[in-house]
Amino acid sequence: MLDLFSEEAPWQEPLAEGAVILRRRARDQADALLAEIYAIAAQNPFAHRITPGGHRMSVAMTNCGDLGWSSDSRGYQYTEQDNHSGHKWPPMPSLFRELAQQTAQEAGFSGFNPDACLINRYEPGAKLTLHQDKDEKDLRQPIVSVSLGLPAVFQFGGFERGDATQRVLLEHGDIVVWGGPSRLRYHGILPLKPGVHPQAGAFRYNLTFRRAH
Ligand SMILES: O=C(O)CCC(=O)C(=O)O
Ligand SMILES: [Fe+2]
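Residues numbered from 1 in each chain as written. Chains lettered and ligands numbered in written order. Predicted model: local features only at pLDDT ≥ 70, side-chain atom pairs only at ≥ 80, totals over all residues.

**Focus: the overall build of the chain**
And then number 1: Each helix and strand counted, the chain has two helices and 13 strands in total.
And then number 2: The globule rule puts the C-alpha radius of gyration for 213 residues at 17 Å, and the 16 Å found for the chain is close to it.
And then number 3: Overall size of the chain, expressed as C-alpha extent along the three principal axes, is 50 × 35 × 35 Å.
And then number 4: For the chain, buried positions account for 38% of its 213 residues.
And then number 5: Of all intrachain contacts in the chain linking residues separated by at least 6 positions in sequence, the fraction that spans at least 24 positions is 73%. (Helix = DSSP H or I, 4+ residues; strand = E, 2+ residues; numbered from the N terminus. Rg over C-alpha atoms; globule rule 2.2 N^0.38 Å. Buried ≥ 20, exposed ≤ 12 C-beta atoms within 10 Å, placed from the backbone. Contact = placed C-beta atoms within 7 Å.)

Here it is in structure tokens:
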């Protein structure tokens, strides 16, 4: 059957100075990326963290790389081990690292070398309220964010929580890179709509690559 989208080449969609969506950029590698996610989760399962304010996050998380981001009653932090399992985070697969480095470069950030990859898993209704990624030491390094599975609405705002936001649909294989003058922009994900994705089932997955230390 004719598939109108299979030959679609990736394209760039600017969001703001220092921020761009690389549409469909990871689509060809999506199955391999998902297989790596499942292997990582078999070692360090997805878990719903508790925020410092005592709320259970609707997004389930795990990590790979030298450092992993997590939250507990003491605050947000990067750690070398999973406080749930007591294990070190699994190493960052070279497929992940190379994709993050290449796409940061394509977005204008050369020399990006992530030491942390947070893996988010959204189920229907799961959301991430507006926040800044600001726990990293060197804010000159960008964030590279890879979307897989079900689509979700990404909010991309300004430098104050109350600033107006752009809303863009992020689909399977889309990559957002933000850094430079956009590095501290507020962003979030609206509640996921239910669905079944042919490759990722009932979930949306997101990888965010960071230089934490
Ligand atoms: O899921 C997304 O697209 C965004 C994730 C995010 O902002 C984060 O993990 O800090
Ligand atoms: Fe974030």
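**So, the pairing of strand β4 (residues 68-72)**
And then number 1: Bridging between β4 and strand β5 (residues 75-79) involves five bridges; their strand directions are antiparallel. Opposite Asp72, over in β5, you have Gly75 as the bridge partner.
And then number 2: Hairpin remark: β4 followed by β5, antiparallel, with two residues in the connecting loop. (Pairing = 2+ DSSP bridges.)

**A few points about the sheet that holds strand β9 (residues 152-156)**
And then number 1: Spatial ordering of the open sheet is given by β7-β12-β9-β10, a layout of four strands whose pairing is antiparallel. The strands lining the two open edges of the sheet, one partner per strand, are β7 (128-131) and β10 (166-170). Direction aside, the axes of adjacent strands within the sheet are offset by 20° on average.
And then number 2: In the sheet, β7 pairs with strand β12 (residues 187-189) via two bridges, with the strands oriented antiparallel. Across the sheet, His131 pairs through a bridge with His187, a residue of β12. (Axes fitted to C-alpha atoms, helices over the stretch in contact; angles between N-to-C directions.)

**Digging into helix α1 (residues 30-43)**
And then number 1: Taking 1.5 Å per residue, 14 residues should reach 20 Å; α1 reaches 20 Å between its end C-alpha atoms and fits that length.
And then number 2: All of the buried residues along α1 are Ala30, Leu33, Glu36, Ile37 and Ile40. One side of α1 carries all its buried residues, which in axial view fall inside an arc of 125°. More than 90 degrees from the buried face of α1, the exposed residues found are Asp31, Ala35, Tyr38, Ala39 and Ala42.
And then number 3: Its buried side turned inward, α1 meets β3 (60-64), α2 (94-106), β6 (116-122), β8 (143-149) and β13 (204-210). (Expected span 1.5 Å × (residues − 1). Arc of directions from axis to C-beta.)

**Let's talk about the site of ligand 1**
And then number 1: Taken together, the residues surrounding ligand 1 are Leu118, Asn120, Leu128, Asp133, Ser145, Ser147, Phe154, His187, Ile189, Asn206 and Thr208.
And then number 2: Elements with a minimum of two residues in the shell around ligand 1: β6, β8, β12 and β13.
And then number 3: A class-by-class count of the residues in the shell around ligand 1 yields four nonpolar, six polar and one charged. (Near = placed C-beta within 6 Å. Nonpolar A, V, L, I, M, F, W, Y, C, P; charged D, E, K, R; others polar.)

**Details of the UniProt feature "binding site: Fe cation" (unreviewed entry) in the chain**
And then number 1: Mapped onto this numbering, the UniProt entry annotates "binding site: Fe cation" (unreviewed entry) at His131, Asp133 and His187. Across 57 residues in sequence, these annotated residues keep their C-alpha atoms within 8.6 Å of one another, forming a single compact spot.
And then number 2: If you trace the backbone, His131 turns up in strand β7.
And then number 3: Once residues within four sequence positions are removed from consideration, His131 is found in contact with Tyr186 and Gly188.
And then number 4: Summarising the element assignment, Asp133 is placed in the loop between β7 and β8.
And then number 5: We classify Asp133 as partly exposed; it has 19 C-beta atoms within 10 Å.
And then number 6: Those residues within four positions of Asp133 in sequence are excluded, and the remaining contacts are Ile143 and Arg210. (UniProt positions renumbered as here; feature names shortened; annotations may be inferred.)

**As for the sheet that holds strand β2 (residues 19-23)**
Whenever strands of a sheet pair, they do so through backbone hydrogen bonds, lying parallel or antiparallel.
And then number 1: Taken together, seven strands build an open sheet; the order of strands is β1-β2-β11-β8-β13-β6-β3 and the sheet is antiparallel. Each edge of the open sheet carries a strand with a single partner, namely β1 (11-16) and β3. If you compare each strand with its neighbour and ignore which way they point, the axes differ by 20° on average.
And then number 2: Looking at chain direction, β3 and β6 are connected through five bridges and run antiparallel. Along β6, the bridge assignment pairs Asn63 with Leu118.

**A look at α2**
And then number 1: When the terminal C-alpha atoms of α2 are compared, their 18 Å separation across 13 residues agrees well with the 18 Å that a helix rising 1.5 Å per residue should span.
And then number 2: Of the positions making up α2, those classed as buried are Phe96, Leu99, Ala100, Thr103 and Ala104. Down the axis of α2, the buried side of the element spans an arc of 125°, and every buried residue falls inside it. The exposed set on the far side of α2, more than 90 degrees from its buried face, consists of Ser94 and Glu98.
And then number 3: Packing partners of the buried residues in α2 comprise β2, α1, β6, β8, β11 (175-178) and β13.
And then number 4: In the stretch just after α2, Gly108 is the one whose phi turns positive, near 100°.

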